There are 2 protein chains.
Amino acid sequence: MRVYTFGEGAAEGTADMVEVLGGKGAGLMAMSLLGIPVPPGFTLPASVCRAYFADPALPETVWAEVERGLSHVEALRGRRFGDPARPLLVSVRSGAAVSMPGMMDTVLNVGLNDETVRGLADMGSGRRFAFDSYRRFVEMYAEIVLELDPSALAGVRDEVLAMTGARNVAGLELPLLEGLVMAYQRRVEQAAGRPIPQDPREQLREAVAAVFRSWNARRAVRFRREHGIPDGLGTAVTVQSMVFGNLGPDSSTGVAFTRCPNTGEPRLFGEYLPVAQGEEVVRGIATPLPLSRADADGGLVALEDAAPAVYADLATIGRRLEAHFGDVQDLEFTIEAGQVWMLQTRTARRSARAEVRVAVDMVGEALIDRDEALLRVHPAKLQRLIHPSVDAEARRRVIGRGLPASPGAVSGRAVFDPDEAVRRAHAGERVILVRTETSPEDMAAIQAVAGVLTARGGMTSHAALVARGLGRCCVTGCSDIFVDERAGRFTVRGQSLVVEAGTLLTIDGTSGDVLLGEVATTPAEPPPAYHVLMGWADERRRLRVLGNADHADDVRTALAQGAEGVGLCRTEHMFLDPDRVHAVRELVYAADEHARRDALDRMLPLQRADYTEMFEAAAGRTVAIRLLDLPLKDMVTSDPAELGAVARALSTPVDVLLHRTKQIQATNSLLGHRGCRLGLTFPEVYEVQVRAMLEALLDTGTRVNLQIIVPMVTAVEEMVRLRRRISHMAERVCRQRDAEPCHVDIGAMIEVPRACLLAGRLAPVCDFFLFGTNDLTITSFGVNRDDAGRFLPFYLENEVLPADPFVHLDEEGVGGLIRLAVERGRAVRPDLVCGLTGAQVCDPPTIEFSCATGLDFISAPPHTVPVARLAAARAEIARARAAKETSA
Amino acid sequence: MRVYTFGEGAAEGTADMVEVLGGKGAGLMAMSLLGIPVPPGFTLPASVCRAYFADPALPETVWAEVERGLSHVEALRGRRFGDPARPLLVSVRSGAAVSMPGMMDTVLNVGLNDETVRGLADMGSGRRFAFDSYRRFVEMYAEIVLELDPSALAGVRDEVLAMTGARNVAGLELPLLEGLVMAYQRRVEQAAGRPIPQDPREQLREAVAAVFRSWNARRAVRFRREHGIPDGLGTAVTVQSMVFGNLGPDSSTGVAFTRCPNTGEPRLFGEYLPVAQGEEVVRGIATPLPLSRADADGGLVALEDAAPAVYADLATIGRRLEAHFGDVQDLEFTIEAGQVWMLQTRTARRSARAEVRVAVDMVGEALIDRDEALLRVHPAKLQRLIHPSVDAEARRRVIGRGLPASPGAVSGRAVFDPDEAVRRAHAGERVILVRTETSPEDMAAIQAVAGVLTARGGMTSHAALVARGLGRCCVTGCSDIFVDERAGRFTVRGQSLVVEAGTLLTIDGTSGDVLLGEVATTPAEPPPAYHVLMGWADERRRLRVLGNADHADDVRTALAQGAEGVGLCRTEHMFLDPDRVHAVRELVYAADEHARRDALDRMLPLQRADYTEMFEAAAGRTVAIRLLDLPLKDMVTSDPAELGAVARALSTPVDVLLHRTKQIQATNSLLGHRGCRLGLTFPEVYEVQVRAMLEALLDTGTRVNLQIIVPMVTAVEEMVRLRRRISHMAERVCRQRDAEPCHVDIGAMIEVPRACLLAGRLAPVCDFFLFGTNDLTITSFGVNRDDAGRFLPFYLENEVLPADPFVHLDEEGVGGLIRLAVERGRAVRPDLVCGLTGAQVCDPPTIEFSCATGLDFISAPPHTVPVARLAAARAEIARARAAKETSA
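Residues numbered from 1 in each chain as written. Chains lettered and ligands numbered in written order. Predicted model: local features only at pLDDT ≥ 70, side-chain atom pairs only at ≥ 80, totals over all residues. Heavy atoms only, no water.

All names here are of chain A. Under the counting rule described, the total for this entry stands at 129 salt bridges over all chains. The shortest N-O distance in the salt bridge between Arg556 and Glu613 comes to 3.8 Å. In this pair, Arg556 is assigned in helix 19 (residues 552-560) and Glu613 in helix 22 (residues 593-618), connecting sequence segments 57 residues apart. Using a relative accessible area of 42% as the deciding quantity, one classes Arg556 as partly exposed. A relative accessible area of 43% means that Glu613 is categorised as partly exposed. (Salt bridge = Lys/Arg side-chain N within 4 Å of Asp/Glu carboxyl O. Helix = DSSP H or I, 4+ residues; strand = E, 2+ residues; numbered from the N terminus. Buried < 20%, exposed > 50% of the residue type's maximum accessible area, 1.4 Å probe, protein only.)

The subject of this paragraph is the packing of aromatic side chains. Residues and elements named next belong to chain A. One pass over the structure, following the stated rule, counts 24 aromatic pairs over all chains. Judged by centre distance (5.3 Å) and plane angle (70°), the ring pair of Phe791 and Tyr795 falls under edge-to-face. With a relative accessible area of 2%, Phe791 lands in the buried category. Tyr795 sits in the buried class, given a relative accessible area of 1%. Grouped by ring-pair contacts, the aromatic residues Phe131, Tyr134, Phe137 and Tyr141 constitute a single cluster. (Phe/Tyr/Trp six-rings, centres within 6.5 Å; stacked < 30°, edge-to-face > 60°.)

This part takes up the nonpolar core. Generally speaking, nonpolar side chains in soluble globular proteins are found buried as a group. The biggest cluster of nonpolar side chains holds 250 residues, and the ones touching the most others in it are Leu694 of chain A together with Leu694 of chain B. Once residues lying within four places of it in the same chain are set aside, the contact partners of Leu694 of chain A are Leu706, Ala730, Val733, Cys734, Cys742 and Val744 of chain A. (Core = buried A, V, L, I, M, F, W, Y, C linked by side-chain atoms within 4.5 Å. Contact = heavy atoms within 4.5 Å.)

Okay, the interface of chain B and chain A next. The parts lose accessible area when they come together, and the size of an interface is often stated as this lost area. Contacts between the two partners involve 47 residues from chain B, matched on the other side by 47 residues from chain A. Of the roughly 4100 Å² buried between chain B and chain A, counting both surfaces, carbon and sulfur atoms make up 58%. Per-residue buried area on chain B facing chain A is highest for Leu671, Arg754 and Arg790 of chain B; these three make up 17% of the total on that side. Scanning the region where chain B abuts chain A turns up 4 salt bridges. Its salt-bridge partner being Arg761 of chain B, residue Glu812 of chain A comes within 2.6 Å of it at the nearest N-O pair. Taken together, the connections running from chain B to chain A amount to 16 residue pairs in polar contact (both at pLDDT 80 or more). Residues of the side of chain B that touches chain A, tallied by class, amount to 21 nonpolar, 14 polar and 12 charged. (Buried area = accessible area lost by both parts, 1.4 Å probe. Polar contact = N/O pair within 3.5 Å; in protein donor to acceptor, adjacent residues only side chain to side chain. Nonpolar A, V, L, I, M, F, W, Y, C, P; charged D, E, K, R; others polar.)

Below, the discussion takes up the sheet that holds strand 11 (residues 339-347) of chain A. Residue and element names in this part refer to chain A. Ordered by their spatial adjacency, 5 strands build an open sheet running 9-8-7-10-11, and the pairing between neighbours is antiparallel. Every other strand in the sheet has two partners, leaving strand 9 (289-290) and strand 11 as the edge strands with one partner each. Inspection of the sheet shows strand 10 (residues 329-336) paired to strand 11 by 8 bridges, in the antiparallel sense. Residue Asp330 lies in a different strand from strand 11, and its bridge partner there is Arg346. Across the sheet, helix 11 (residues 308-325) touches strand 10 and strand 11, and the angle it forms with strand 11 is around 30°. (Pairing = 2+ DSSP bridges. Axes fitted to C-alpha atoms, helices over the stretch in contact; angles between N-to-C directions.)

This brings us to the relation of the copies chain B and chain A. Expressed as a screw transformation, the operator carrying chain B onto chain A has a rotation angle of 179° and an axial translation of 0.2 Å, and the superposed copies differ by an RMSD of 0.4 Å. A rotation of that kind, with that shift, is consistent with a two-fold axis. If distances are taken from each C-alpha of chain B to the rotation axis, the shortest is found for Thr779 of chain B, at 2.3 Å. The share of interface residues of chain B whose copies in chain A are also at the interface is 100%, consistent with both copies meeting through the same surface. (Least-squares fit on C-alpha atoms with pLDDT ≥ 70 in both.)

Structure representation (structure tokens):
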């Protein structure tokens, strides 16, 4: 076991030894090697920490190495540790390989005792400084090393202050300050049963051990659990010469970002606290001052004005570090008598806005290339740029928190009844639909309202999926509220609050917050850099990104978000909308061909209008429409009033219809009579669909590239028959309109495992495959989405499954089937176009999978299109890099 | 186009030209080549028939060939066609490549006219014979060639008979017979608008064409449709010298089997009719006489006694033909004045019993080898030997017909209520459970009763699956009955019949018949040859055949049927039996560990007793037990009385339990919380199971080879955890009993596609894979068995799917997944044991698939074990033959 020294342009370690030396240690090595002023010191690697946990009696070889390190520091600083005349003081700092900000401990001013404090005073900074440092040391040592409750010393201090009438320690006369330190020491000895050691080496050993132990402090353990960091790593410890931010008026301590972490603006951003030490600046004990003039308001003087030379030094150091690390740095520094000393550098966390701007700016500054810029921006962060958010400055009353199911923020009036929601929304009101959970019958309402709030359901519940697909803001699973739909109100857990229908609410689908009243929201306004970056992403990616769009509005949104066309238009709503559902029911209940024709004739113009509007919005791009995939079960009703209307229309007794309803509802819709199974057994349904879309195509000048998707294909013969029927229908429409025959691609939605196995025989009768990962997950796992709730939480908590397969694509099982299908399909038809859609498409690894599997396109909900565009580019870059590494 | 002549030891065709010459033609060629006496003749191939349908004006080349054939016959018979002095008469017979018995037409005595009839008379057989032959010719020609209604001539005949007072034609004076023929001819000319041609060649042409046309007779078309024979084949036509079974007292015509088609006994079996012609013997016009003395009763004289030399000739011919064809032959012959002439030979249809005996006997006679014997017996036929059947001789009143869901025949009293069924069955009554359809709650009743009858459901409905598994006789989908369970009766469609509870019924699960009253049944008594054959099958097969057995009774049955052990013991009944279900419910509803333990403690001894009894019955063989695979849904109840009892036991309000019931029932059981998902989240359930089976194992001296099957495995980690837990549990039980640790194999039931994809990672933690084709079919197709009823009939009728995948294994999809899993599993663990079970295992192609895929075993319901044993041997033979052909 050895230590790694650093200081004055040299270092025994390097910047890439993060695993060994921790982030802080590695950063100090890097800065020292760059010639940036760092207080000299040395780092004990994390392996020593692990050894300490194995046996707290560390071998003497460790302390021999520590002595070597001390000698190194003594030589560079010209002081000696424990020397009563010119004492060297050191800080003992934690620093793990993974950033755990503020979770572990630091001990400053180690080396002070009743003798060296006088030596320190004599070295020119005076007694007040020396005893103030001693006071801080005793406070820290007591709390961190001896693990005393801070209130013990706070009590002593308060007594002394009360006795003297001083407002704070700085206000104490010097003798009283010295007295305070002595009173502290007596109190410590009383409480701990032993005094603070006077031997500096004993102090050092104990401080190092205490910092090791802080790895296992409760808050650190909790933090690791939350962030999935293994407990066994341990922390490195850096022992470093003290520099004093509390030495005098031209001393201070502070933190700095090399660029603004909120906006990405390229200038120093940060704060400093004059005459202060350690982490006081981040502890919020006193009001810190801004570094840059641009951030100075309220009469505060920025460092840029107070000490222009120091500011310039800091800026220069920042630029050198950015050039070295190629990224924005988050710095800790101390200014000792006008001299800048760097204590830490690390990659800065930043807002989505800053992330995008910095990435683009740095390409301009030739610090990184475009690929690197694309890798710098996490796709999920884009969500924050393209959706409105609750104004961070606004007054807010949060009444509950659910799951951030679909991003954005909206205010509107709570409505509990779906029909009322539609009515009020159509009347121009902004409405938030509040339900215990939603069902397919709520489609029209979800589409009409501004936002959806449910008390139950997860990130992939019906409400969440539909809302994401529509780009509606949505919060699901808000278990804080109890919804009483009949009474039209909800109550809030633990609060005597009843929210009646019509109450103004705000929901934040990015955070999951539910707020009372109308709260100001900030509109989405992606910065200019966003558009630059997305342009680069589009150039780089090969995967085509299309949008899911069920309405003309969706088409416009998807295209505005950069979709290359519509990859999946679901047509279920065209049958379930309140103004259509009656005709649909007549169709289903009709006993004869004539009554069915009648119902279809009424549907045709409505559907044609839907398609026409969509085709116009698509303006010449691809529009892929999926034929109806609605379980028969969802097309019937047992509502007496509705059944009565159907009965009158069909001149059939209600009893007969009710019997049929029960018959149909008796069986399971998911694995039942749906998709093309319904299309084959009720041929009129697909007939009216194909006719409506072909007529719309001709009406709009056949400019879009129409594709027809056959859902739920299980057998080759299904595809053969429907393909033939669709083609005939298309030809007939063209002939009737006296138009040229129009070309329509016809493909299969691959959503059951059998279709994957049969891909080799399906490919010749399909122009494309569209993999539907929702149903493919259900059938591959034999797990229904709704049922999953009964055991999936247990599975995830206990790591029986690594992730929820309805959110993150199961690459091994479901992905394995997709790979198999692509291979088999392309083996017989090398140019077979393959695409993917489903809830998992919003998850960047799904995009990576799609690229790796050689898919041609994915289709995503309109608002996640940018995420997919960026993720696709990143996947391409990652693949290129991996290939380069393999070949190298 | 040519004809193929035969006769007197020579032939232009051969026995293998069935496709060209039809079965009859090819048989005649074969017999002629063997030197067996056949009336000389020639065959027009089926291609001429097809040409005739393309253009009825056949080219003259055809008739030139017919002339060549006639010359050949004339030369051999020393008579000339149309010669007034020594006329040759011919028969014109149909004969297609596929046997269509009695479906097409034959014209005899072609060549007779007003002149040749006198020549025939002068040749020595007399005028009566000649005119009787002429009469027959006119009758046939009128009906078959001129297509007159037979009633027209029957009217003439009845007039003449009435006029003379004769009882039948044989009783007419000769002049009156001559007059009848003339009257016939006048009537034909009137009715047809033209006379029967006097020109023999014109007769022949017209007769050939008429026989061609009979290929398209309505009954022939229907027969082909029912038997899946293509319409385009057409029939060959054989023109053959007449021989006369009506020539005198030592003439006759008959049919013979070379062995008894009912028992397989090796002696001539058949009938003959003296002084008769053509098919009179099979038409049942007169009472035929037996061929063999053994079949003579009621004072009938057998041919064996009446004409021993002729009988000996026939027997010799039969043996020669058996030796030639290597199989039992079905013969048609005519004896003309003591001379045997063979008219047809073909492979004989036979009963299951005969099939088995003949196959075994022929090996003894060195006619075929053992492999061939095994290939001769169709596995499905074994069912008839091992199940009782309704006595064919018994008086029967069939009131409905359903699907033959589980073979056998039983009588018992109709009971509609499952609980009552259990009670009455336990009281010793024979009961037939009658339900609209069954559900899992009826398990106990199905197990208790003698038979099950349902009005709805297919071959794979719940009732069918459970009954087959238990070996209970079952008829499902009997749509002729309407069951009113509440009233406790059913009505029969179209009959004013109400069957009340307690009425005696008989159901035949082999035919699907439902009969009123107690009908005598014949017990299953497989003949000795059966055991010989099954012994050969066991020697030949490599696939191990195990039995499904849920109870000790099943174990005994399975072993008696030749199972090598128990491949699948389902344990659901141990939880659903009425005496257990209460404890199970307490377990499910219990809120705390303590209450759960309490419930489990009560279950343990009952389950241990179940296992003990099974292990004793298994007598040292393998017993593979599947841990509980019951959806949580099926373990709860909403019955107020039952809930009340649980509520009292748990001291919990009924409301709370009802809420929980609703919660659980709200979701879908099939794709939900079941199998090992339940075992992981409710660990106590598997714990009690493993403990009970291990204790039973130790109690019975650890003689059986215990295997534990984990159901519904989807993730590797499920198997890892459960394997660990099961092993720990087993160790603990052994330790507690102070016994040696016992070895238990632990394997996975592979029933969802994901498990197949993950086989490579599952194999290291599984001692075996057991593929469950029921659930694998559901998940691969995305089709629920119950829902399938909504569209599967349409799919099968329209050939969208070739077969019901719940009955016949879908080798492409489901089979593809199984192949993939076996490959991946064995790639990492070459000795991985793989087996298969499911409803499809009763279907021989599934056994062939299992052999081809290299599976080690299958597990079948007890009563289908013999079918599987034989099918496995046959699959092995077929593979060996195919391999030989490939290498040759």
